[in-house]
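Residue-level listing of the chains:
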Protein chains: 2
Amino acid sequence: MASYTAPVRDTRFIMENVLKLGDRAGKPGFESADPDMVAAILEEAGKFASEIFAPLNAPGDAQGCTRHDDGSVTVPDGYADAYRQYCEAGWGTLTAPEAYGGQALPHVLGVAVEEYLSSANMALAMYPGLTDGAVRALLARGSDEQKALYLPKLIAGEWTGTMNLTEPHCGTDLGLLRSRAEPNDDGSFAITGTKIFISCGEHDIASNIVHFVLARTPDAPPGTKGISMFIVPKFLPDENGEPGERNSLQCGSIEEKMGIHGSGTCVMNYDGAKGWLIGEENKGLAAMFIMMNAARLWVGMQGLGQAEVAYQNGAAYALDRRQGRALSGAKDPEEAADLLIVHPDVRRLLMDARAKTEGLRALIIWIGLQTDLALHAESEEERQQADDFVQLLIPVVKAIGTDIGYDVATQMQQVWGGHGYIAENGMEQFVRDARIAMIYEGANGVQAMDLVGRKLPMHGGRAVQSFFAMVDKEVAQAKETKSLSDLAGALEKANGELKAASMWLMENAPKNPNNAGSAAYMYMQILGLVAMGLMWLRMGAAAAKSLDGGEGDAAFMQAKLLCARHFANGQLPDAGALRRKLSAGAETIMKMPAESFLRT
Amino acid sequence: MASYTAPVRDTRFIMENVLKLGDRAGKPGFESADPDMVAAILEEAGKFASEIFAPLNAPGDAQGCTRHDDGSVTVPDGYADAYRQYCEAGWGTLTAPEAYGGQALPHVLGVAVEEYLSSANMALAMYPGLTDGAVRALLARGSDEQKALYLPKLIAGEWTGTMNLTEPHCGTDLGLLRSRAEPNDDGSFAITGTKIFISCGEHDIASNIVHFVLARTPDAPPGTKGISMFIVPKFLPDENGEPGERNSLQCGSIEEKMGIHGSGTCVMNYDGAKGWLIGEENKGLAAMFIMMNAARLWVGMQGLGQAEVAYQNGAAYALDRRQGRALSGAKDPEEAADLLIVHPDVRRLLMDARAKTEGLRALIIWIGLQTDLALHAESEEERQQADDFVQLLIPVVKAIGTDIGYDVATQMQQVWGGHGYIAENGMEQFVRDARIAMIYEGANGVQAMDLVGRKLPMHGGRAVQSFFAMVDKEVAQAKETKSLSDLAGALEKANGELKAASMWLMENAPKNPNNAGSAAYMYMQILGLVAMGLMWLRMGAAAAKSLDGGEGDAAFMQAKLLCARHFANGQLPDAGALRRKLSAGAETIMKMPAESFLRT
């Protein structure tokens, strides 16, 4: 049976030693974020995740959700109680505004807590995770009345939220959507249509479910410019704001799927359901995109969560299972065999996992901080740069983070050998659960197109230019520290590949837009490598400083330096191969006639 | 619902245009292999696989196997009947010797047929696949009496075979195994012990199951030198060679696992079961290794099988699903959206899949031919070289083939977006089924160690030197053909990386064996890339020749050339990054203290 321990020490290292978050305490956006408070919250969140959420992960996967004939859905045993404890402890209120019952803590702390919950039980953590998306949409676009009516319930977790975008014939291409919204006399709308793949669309853990639904009003223009967003509660709030009349919407079925069995994936049928417009008519997609940045960071964080829990269990097995002998001679001659950890190929898997997971964690937490600074930074320059980095790197983190989640889960399953394929050991669940994160919230290929098609050209390439400059500057600084010079050199080289790939895009995409399309994924991978490499440079510098000063846990800091070097040795060289591959351009792949792809 | 069409045209292209198999017809080992006969068998096998095996793949996965209280196991509905048809059509007899009811056809044909069966239904194809392993073990080490008693039944498929190696405490490290074999007075042995992960260990599709069991005799030396192999039938053959008395062995339980649900994975309990020694006492591991080459090629072929069926369904979806518009402007303006196939990133996934799958198929079929030549080649020089290539490349094909199976299945699932995560569409089953092949029959990391530790140094590096020379020679030839010069140049470069990596190993492994261990996997990946690159060079040359001569299907040949170029552009550049990564050596990863891997 798999287990989970929240990596609080690693999170604190990033926040305290790398980001120096304490220096921001009391400043706008960080008013309540004093270091002791942050540390205490991380400790408590880690404890809550491992003690309350984690034990339900495997049984929830085995049991799954059940839909009944009346359209109701029962979640796995124990989920409702765990969710109740989540609400009672106020975990949903961390980063929400005080005006609606929140604690107004910075998002940088929120993402760290969400990682723990998601590691412990990805399916269960989706219920509050989606609610958080709904809260953000309302905060950004809801009327004062809507905010007052819905936000306190959603933030407290008494009600949960969902996002309803996909229809059977349209996922990525939302311009095709057909759900209709007919105006009623009272200012509300009658929503009719079928939505699919609605995570947590129906369940029995909260007294109401608030659906955020994209639909078209009667005179809406075709395509994406005619989509509006509506708030459609399962139970219409009565005059006291409590769940009243049942709305005409129902879960028509739930999907049998590869993983996240504890989260019901619903077909939602709206049959003239009462809903209210959020924000402006025909501006629904823009409103939905506001939620996207947060949601995509959250999904990238799901990848991190699965990578972390899989890594822990892979490492634990390698230090428990005895098989074979060390190549350099028996390490434990008194035992029948040595531990798996003596084998270099097992260590390679674990070090790869570690370097990717911790690099990703640092990147996600750093972007969490940038989302705070994009709202609250004291200077406009700092605010703008933070916002640029968020825009640029969110698609990268969503895609690279979820690729890493799946990859690390797969490699850690490999450490377990045949035992990793057996359900009761839990390793295969991490793989199945991690898989969805590469698909939903915009498939990873769509993230690559967002990066190359929208984010790179933004403001004349300002964001990526700032990014290059930041890397160059820190590389130059690091080269002066002997223990970092290897890593700095490797990062400089990878950043050179990124610049070359950027130049290639600038030259070749205007000639043929398919060159942007064929290169996009690999470009994104290079950017992800460089961004994680920068994080490792910062972590390496912080660890070296601690060691020099005789501060902190020396073994922990030594391990950081070794992982930093392994990232330089074992990951960054891929940047060159990726740049060479993308430079081949679109010609060959576009030349293949469509019908030649079919086997006949 | 996924579908399957056997890629007979592709197989025939490899056999006819690339390998010129027809030129060998009538020669030793290829007596019955005339081209029309081979083509007819491939067509029939493809039809059988898609019509009889494929329709049971998804329902078999959903239903799985059921163990009953008496230890019996029921396979999914329809499996027994499909298996009966398999036996009646004589598919199990293809490559077996005529003396025992076989057709004595070459193995190069056998592997192609096995690919189709495995693509169509990996779990069901395991029953005859494991039987084939048992047949080979008996052929190599059985007594004349054992052969006469068991081979006709196994080859006809009336009885099935299993391999019993793993025990709860030992998988890779078989030296630790504890199962005991006590001699009986009649020359048989009483086998006692628990074996786990026994694929197809118990079922209801054949009248007897013949277990090949590794165990220790009373005075056996410890470790791998004290292991003997026994034949332990479920029902003891009576005086007529028919199933008689029930032996004292039982399936104790079957595993809940990630995939291959139609193949029961059994815990087998032997309680003084009657068994007979195969071959010499204490030479069981060597006997088991005889089966290994064939079994490992077969498992690599399972990877190919899942890659192929996943590719077909990914491509079919990309030519059916409409979403978004081509970057260069609408392709089907009369439709609401263009087909997925217009998007370069989707084409990249499909071309990657195609280049890997077809390159792997050519490699596996070529190695199939080498296994025939290793037995039957007319000159000793040719025989030896064929045997060298088999020894060198079998671990590569097992590991790279199964990595490709999982990777392609995952990427093709990605083409389907959210619909790929839903069980009823079948894409996620390919991923779950493909996953096991990376683990069993020697985990892929173990294959890498076999390659670097045993196969490279064999005969003073003779095999890999021959391989280099073969690549160099064909590259030089291909450079003279204009349409192949790109590919030849890319392959030359990759082969240069392989040579450099080999040099690195020669210099650094003797200093520290951990350098061999840390480099092994990446070295194997480079060798796999070069071997597949060579196959693409041959396929490209054959396609160019057909086009020049106005022979064959021009569209098929054009597609081959495009895929060859995509392999050069999209895969071979990884060789350089892999070589750089392995050159970092073991220092960093071995320096990490074992306990630093644990999260605390």
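Definitions and cut-offs
Residues numbered from 1 in each chain as written. Chains lettered and ligands numbered in written order. Predicted model: local features only at pLDDT ≥ 70, side-chain atom pairs only at ≥ 80, totals over all residues. Heavy atoms only, no water. UniProt positions renumbered as here; feature names shortened; annotations may be inferred. Helix = DSSP H or I, 4+ residues; strand = E, 2+ residues; numbered from the N terminus. Buried < 20%, exposed > 50% of the residue type's maximum accessible area, 1.4 Å probe, protein only. Contact = heavy atoms within 4.5 Å. Pairing = 2+ DSSP bridges. Axes fitted to C-alpha atoms, helices over the stretch in contact; angles between N-to-C directions. Parallel < 35°, antiparallel > 145°, perpendicular 65-115°, else oblique. Buried area = accessible area lost by both parts, 1.4 Å probe. Salt bridge = Lys/Arg side-chain N within 4 Å of Asp/Glu carboxyl O. Polar contact = N/O pair within 3.5 Å; in protein donor to acceptor, adjacent residues only side chain to side chain. Nonpolar A, V, L, I, M, F, W, Y, C, P; charged D, E, K, R; others polar. Least-squares fit on C-alpha atoms with pLDDT ≥ 70 in both.

As annotated in an unreviewed UniProt entry, chain A carries the name 3-methylmercaptopropionyl-CoA dehydrogenase and comes from Croceicoccus mobilis. As its UniProt record puts it under Cofactor (unreviewed entry), chain A is described as follows: "FAD".

Participant: Help me out: how do you make sense of the side chain of Thr371 of chain A in this one?
Facilitator: All names here are of chain A. By the secondary structure assignment, Thr371 is in helix H9 (residues 344-376). Exposure remark for Thr371: the relative accessible area of 18% places this residue in the buried category. Those residues within four positions of Thr371 in sequence are excluded, and the remaining contacts are His107, Leu297 and Val390.

Participant: Please clarify how the pairing of strand E5 (residues 189-199) of chain A should be interpreted in this entry.
Facilitator: Residue and element names in this part refer to chain A. Burial within E5 is extensive, with nine of its 11 residues counted as buried. Two successive antiparallel strands, strand E4 (residues 180-183) and E5, enclose a turn made up of five residues, where Gly187 displays a positive phi of approximately 90 degrees. Taken together, the nine bridges between E5 and strand E11 (residues 265-278) define a ladder with antiparallel strand orientation. If you follow Ile191 over to E11, its bridge partner there is Ala273.

Participant: Looking at this structure, how should I read the UniProt feature "domain: Acyl-CoA dehydrogenase/oxidase N-terminal" (unreviewed entry) in chain A?
Facilitator: UniProt feature "domain: Acyl-CoA dehydrogenase/oxidase N-terminal" (unreviewed entry): in the numbering of this structure it lies at residues 75-158 of chain A. Within residues 75-158 of chain A, the helical portion is 68% and the strand portion 0%, while the C-alpha atoms at the span's ends are 16 Å from each other.

Participant: How should I be thinking about the packing of helix H9 (residues 344-376) of chain B against helix H16 (residues 554-570) of chain B in this particular structure?
Facilitator: When two helices pack together, their arrangement is captured by the angle between the axes and the distance separating the axes. All names here are of chain B. Interaxial distance between H9 and H16 falls to 9 Å at its minimum, and their mutual angle equals 95 degrees. If you check the angle between H9 and H16, you find them roughly perpendicular. Within the contact between the two elements, H9 uses Arg348, Met351, Asp352, Arg354, Ala355 and Glu358 and H16 uses Ala559, Lys560, Leu562, Cys563, His566 and Phe567.

Participant: In this structure, what is going on with the interface of chain A and chain B? I would like to understand it.
Facilitator: Frequently, the measure chosen for interface size is the accessible area that the parts lose on association. Chain A puts 101 residues into the contact, and the matching count from chain B is 100 residues. Together, Tyr421, Phe597 and Arg599 of chain A form the three largest contributors to the area buried by chain A at its contact with chain B, with a combined 11%. Taken together, the links from chain A to chain B amount to six salt bridges. Of the charged contacts, one joins Arg599 of chain B and Glu358 of chain A as a salt bridge, the two residues approaching to 2.9 Å between their closest N and O atoms. Connecting chain A to chain B are 45 residue pairs in polar contact (both at pLDDT 80 or more). Broken down by element, the residue count for the side of chain A that touches chain B peaks at nine residues, all from H9 of chain A. Per-class residue counts for the side of chain A that touches chain B are 47 nonpolar, 26 polar and 28 charged.

Participant: Looking at this structure, I do not really get the relation of the copies chain A and chain B. What am I missing?
Facilitator: Under the fitted operation, chain A is carried onto chain B by 0.0 Å of movement along the axis and a turn of 180 degrees, and the coordinates agree to an RMSD of 0.0 Å. Each copy turns onto its partner about a two-fold axis. Considering only C-alpha atoms, the part of chain A nearest the rotation axis is Ala577 of chain A, at 2.9 Å.

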